[in-house]
Amino acid sequence: MEALDDENINMIGICGMGGVGKTTIVEEVCRQAKAEKKFDKDVMVVVSQTPNLAKIQGKIAQELNLVLETKDKLETPQSLWVRIKAEKKILVVLDDIWDKVELIEKVSIPVEEDHKGCKILLTSRRKNVYNKMNAEKIFSIEVLDEEEAWILFRGTAGEIVASTDLNPITREVAREYGGLPIAIVTVGRALMKNRSKDVWIDAA
Ligand SMILES: Nc1ncnc2c1ncn2[C@@H]1O[C@H](COP(=O)(O)OP(=O)(O)O)[C@@H](O)[C@H]1O
Ligand SMILES: [Mg+2]
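Cut-offs applied
Residues numbered from 1 in each chain as written. Chains lettered and ligands numbered in written order. Predicted model: local features only at pLDDT ≥ 70, side-chain atom pairs only at ≥ 80, totals over all residues. Heavy atoms only, no water. Salt bridge = Lys/Arg side-chain N within 4 Å of Asp/Glu carboxyl O. Helix = DSSP H or I, 4+ residues; strand = E, 2+ residues; numbered from the N terminus. Pairing = 2+ DSSP bridges. Axes fitted to C-alpha atoms, helices over the stretch in contact; angles between N-to-C directions. Near = heavy atom within 4 Å. Polar contact = N/O pair within 3.5 Å; in protein donor to acceptor, adjacent residues only side chain to side chain. Areas by Shrake-Rupley, 256 points an atom, 1.4 Å probe, with all protein chains shown as cover. Nonpolar A, V, L, I, M, F, W, Y, C, P; charged D, E, K, R; others polar. Domains from an automatic or database assignment. Buried < 20%, exposed > 50% of the residue type's maximum accessible area, 1.4 Å probe, protein only. Lys, Arg positive; Asp, Glu negative; His and termini not counted. Contact = heavy atoms within 4.5 Å. Left-handed = near helix turned anticlockwise from the far one by under 90°. Core = buried A, V, L, I, M, F, W, Y, C linked by side-chain atoms within 4.5 Å.

As recorded in an unreviewed UniProt entry, the protein goes by NB-ARC domain-containing protein and comes from Camellia sinensis.

Next comes the structure, spelled out in structure tokens:
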């Protein structure tokens, strides 16, 4: 959150392996930024491994209530540029990028000298894309340690974990998944539904 306040930082990158919680974090950052009224506007768009430029522009335009000339396409990227510039302070989140995104040239997002009030927040599995994009600040998200993993697992699976004879087995299960939130949450939810001990001995 501090990096968002720093006027010398235009672009922030969050990196970490798939399922570690990058999307969850940027959603939380947006929520907090909104609560603290850090920006006049924030937009978030998923880029993915196979980016569709028209869709990305269309989504940003839509979130900015920019009238789209055709159904979900923006005919003139310049209108997006102008619209973003009209927001004094704006946060643009591009989730799950795999390669360099040409913000200025292709997407038509004014940054740095073109618009000091526009902050870009990126997430990616690949740290090296941030060098290519000249992000000023990079945060690496690591997997959870054993205790954090256990807390998340317990929180997802519910009290069943603590209150039955499954406890030692489920602890083992939580450990098994290497502290990766997506795995822990998935297994935790499954446990909530399936209370048979035998199944969980298998999972451990
Ligand atoms: N800190 C967390 N607390 C609870 N659940 C989390 C946390 N981080 C991630 N998750 C869960 O893990 C899963 C994967 O997270 P996600 O943010 O989609 O990862 P990524 O974007 O890095 O692939 C989601 O189901 C999410 O709800
Ligand atoms: Mg994600």
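Here the narrative resumes, following the displayed structure.
**Q** Can you help me understand the pattern of salt bridges in this one?
**A** Side chains that carry opposite charge are capable of pairing whenever their charged atoms lie near each other. Counted by the stated rule, this structure contains eight salt bridges. For Arg31, the salt bridge goes to Glu28, with nearest N and O atoms at 2.8 Å. Taken together, the residues span about one helical turn, with Arg31 and Glu28 both in helix 2 (residues 22-35) at a distance of three residues. Through salt bridges that share partners, Asp5, Glu36 and Lys38 make up one connected network.

**Q** It is not clear to me how the sheet that holds strand 1 (residues 11-15) should be interpreted in this structure. Could you clarify?
**A** Strands pair in a sheet through their backbones, by hydrogen bonds, and they do so in one of two ways: parallel or antiparallel. Ordered in space as 2-3-4-1-5, the five strands form an open sheet in which the pairing is parallel. Whereas interior strands pair on both sides, the edge strands pair on one side only; in this sheet they are strand 2 (41-48) and strand 5 (137-140). The average undirected angle you get between the axes of adjacent strands in this sheet is 15°. Pairing geometry for strand 2 and strand 3 (residues 90-97), over seven bridges, is parallel. Across the sheet, residue Met44 finds its bridge partner in strand 3, namely Val93.

**Q** Before we go on, may I ask you to explain the site of ligand 1 in this structure?
**A** In the vicinity of ligand 1, the contacting residues are Met17, Gly18, Gly19, Val20, Gly21, Lys22, Thr23, Thr24, Leu152, Pro181, Ile182 and Val185. Between ligand 1 and Gly19 there is a distance of 2.7 Å, counted from an oxygen atom to a backbone nitrogen or oxygen. Gly21 is positioned such that a nitrogen or oxygen atom in its backbone is 3.0 Å from an oxygen atom of ligand 1. Look at ligand 1: alone it shows 560 Å² of surface, and the protein chains cover 65% of it. In terms of residue class, the shell around ligand 1 is made up of six nonpolar, five polar and one charged. Here the shell around ligand 1 spans two domains, since at least three of its residues come from each of domain 1 (2-140) and domain 2 (146-203).

**Q** How do you make sense of the side chain of Asp95 when you look at a structure like this?
**A** With respect to the element layout, Asp95 can be found in strand 3. For the buried Asp95, which has no salt bridge, the nearest side chain bearing the opposite charge is Lys22, at an N-O separation of 6.8 Å. Ignoring any residue separated from it by four or fewer positions in sequence, one finds Asp95 in contact with Thr23, Val26, Met44, Val45, Val46, Val47, Ser48 and Thr123.

**Q** Just checking my understanding: could you explain the packing of helix 7 (residues 146-157) against helix 9 (residues 167-176) for this structure?
**A** What describes two packed helices is the angle between their axes and the distance between those same axes. At their nearest, the axes of helix 7 and helix 9 sit 9 Å apart, and the two run at 120° to each other. For the crossing formed where helix 7 meets helix 9, the hand is right-handed. Residues Glu146, Ala149, Trp150 and Phe153 of helix 7 lie in contact with helix 9, whose contacting residues are Asn167, Thr170, Arg171, Val173, Ala174 and Arg175. Of the residues contributing to the contact of helix 7 with helix 9, the split by class is five nonpolar, two polar and three charged.

**Q** It is not clear to me how the nonpolar core should be interpreted in this structure. Could you clarify?
**A** The nonpolar side chains of a soluble globular protein tend to be buried with one another. Membership of the largest hydrophobic core comes to 28 residues, with the highest contact counts inside it found for Ile60, Leu94, Ile97, Leu103, Ile109 and Ile120. Secondary structure elements with two or more residues in this core: strand 1, strand 2, helix 3 (53-63), helix 4 (77-86), strand 3, helix 5 (103-107), strand 4 (118-124) and helix 6 (128-133). A per-element tally of this core places strand 3 first, with four residues. Discounting chain neighbours no more than four positions away, the residues touching Leu94 are Val45, Val47, Val101, Leu103, Leu121, Leu122 and Thr123. Core analysis: the next-biggest nonpolar cluster, separate from the first, contains 18 residues, Leu4, Ile12, Leu91 and Ala183 among them.

**Q** Please explain unusual backbone geometry as it appears in this structure.
**A** Trans is the common state for peptide bonds, and a negative phi is the common state for residues other than glycine. A positive phi angle is found at Asp96, which is not glycine, with a value near 65°. With a relative accessible area of 19%, Asp96 lands in the buried category. Of note in this structure, Ser108 is not a glycine but carries a positive phi near 75°. Looking at the secondary structure, you find Ser108 in the loop between helix 5 and strand 4.

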